[in-house]
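# What the coordinates show
Residue-level listing of the chains:
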Amino acid sequence: GLRSLQTANFPRAACSDVAATTAEHGDLNGWLLPQTELDSTQVYDGLYSFLVRDGYGPTRKIPLKEVYKYKYDYVVSAYGYSTGASPMLMVELRRGDDNLVKVFAGYSPVGGSFVANKWQRYEIEVPYDSIVAEGMFADTARGDYLKVWFGFGEPTGDTSRVLFVDDFVAYPTSTSF
């Protein structure tokens, strides 16, 4: 069938508190792409996905400037198609000085086990109480942030670790995607 260019809308959410990339428009919009390139070999929807070779994959820092005001839980979700190695979806709570406070990890796709050569959705929901634990985001001037990424982690030199990523979104549960 025909493919269309995907977009993301997040009603009732502050721009600083959401992130999305569908790989379609070529605008990185704050996303970093370590060990990652645009590709059209395998796509979940649209025309393009991100091809990750042995590394972190699409990465974004999200400041969550409105989390105290709206007291929301937070969802991070992405579709992945790996040719062999099992990927991981990561949410890191970090201080403005980059010190790691807490990690939430998704090693298995929603509703099942990893299967090679199949599109599968990965998702992590982070509760509000965990987001603001240890004073995270209490002082917006400090620059605390969520760092989200989907890939394999630290590069090992094994270029057979290949992952295609599509529809990577991060948003408060008070909105919809």
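Higher on the page you've got the structure.
Being a predicted model, the structure only gives us computed values, none of them experimental.

Burial of strand β9 (residues 145–151) is extensive: six of the seven residues sit out of reach of the surface. Of the pairings in the sheet, the one linking strand β4 (residues 59–62) to β9 comprises four bridges and is antiparallel in character. Looking at β9, one finds that Lys61 is bridged to Lys147. Pairing of strand β6 (residues 88–94) with β9, which is carried by seven bridges, proceeds in the antiparallel orientation. From the neighbouring strand, Met88 faces β9, where its bridge partner is Gly151.

Scanning the entire structure with this criterion turns up six salt bridges. In this structure, Glu123 engages Arg121 in a salt bridge whose closest nitrogen and oxygen atoms are separated by 2.4 Å. Assessed through its relative accessible area of 34%, Glu123 is described here as partly exposed. Residue Arg121 is classed as partly exposed on the basis of its relative accessible area of 28%. A single salt-bridge network, built from bridges that share partners, covers Arg95, Arg142 and Asp144.

Quick look at the side chain of Ser77 now. Among the secondary structure elements, Ser77 is positioned in strand β5 (residues 74–82). Leaving out residues up to four positions away in the same chain, Ser77 has contacts with Leu89, Arg121, Tyr122, Glu123, Asp167, Phe168 and Val169.

Within the element layout of this structure, Thr156 appears in the loop between β9 and β10 (162–172). Discounting residues that sit within four places of it in the chain, Thr156 has contacts with Asp54 and Arg161. Of the polar contacts made by the side chain of Thr156, one reaches the backbone nitrogen of Asp158; its length is 3.2 Å.

We now examine the nonpolar core. Judged by nonpolar contacts, the single largest core of 32 residues is most densely connected at Leu64, Tyr74 and Phe168. At the level of secondary structure, the elements contributing two or more residues to this core comprise β3 (49–53), β5, β6, β8 (120–126), α2 (128–131), β9 and β10. With four residues, β10 is the single largest residue contributor to this core. The contact partners of Phe168, leaving out residues within four places of it in the chain, are Ala19, Ala20, Thr21, Trp31, Pro58, Val76, Ser77, Ala78, Leu89, Val148, Trp149 and Phe150.

In terms of burial, β3 is largely enclosed, as four of its five residues are buried. Direction of pairing for strand β2 (residues 36–39) relative to β3: antiparallel, over a ladder of four bridges. Paired with Asp39 across the strands is Ser49, a residue of β3. For β3 and β10, the ladder comprises four bridges, and the chain directions are antiparallel.

Moving on to the sheet that holds β9. Reading across from one edge, β4-β9-β6-β7 is the order of the four strands in this open sheet, with antiparallel pairing throughout. Two strands bound the open sheet, and with one partner strand each, they are β4 and β7 (100–106). If you compare each strand with its neighbour and ignore which way they point, the axes differ by 15 degrees on average. Direction of pairing for β6 relative to β7: antiparallel, over a ladder of six bridges. Bridge assignment links Arg94 to a residue of β7, and that residue is Leu100.

So, how was this worked out
- Residues numbered from 1 in each chain as written.
- Predicted model: local features only at pLDDT ≥ 70, side-chain atom pairs only at ≥ 80, totals over all residues.
- Heavy atoms only, no water.
- Buried < 20%, exposed > 50% of the residue type's maximum accessible area, 1.4 Å probe, protein only.
- Helix = DSSP H or I, 4+ residues; strand = E, 2+ residues; numbered from the N terminus.
- Pairing = 2+ DSSP bridges.
- Salt bridge = Lys/Arg side-chain N within 4 Å of Asp/Glu carboxyl O.
- Contact = heavy atoms within 4.5 Å.
- Polar contact = N/O pair within 3.5 Å; in protein donor to acceptor, adjacent residues only side chain to side chain.
- Core = buried A, V, L, I, M, F, W, Y, C linked by side-chain atoms within 4.5 Å.
- Axes fitted to C-alpha atoms, helices over the stretch in contact; angles between N-to-C directions.

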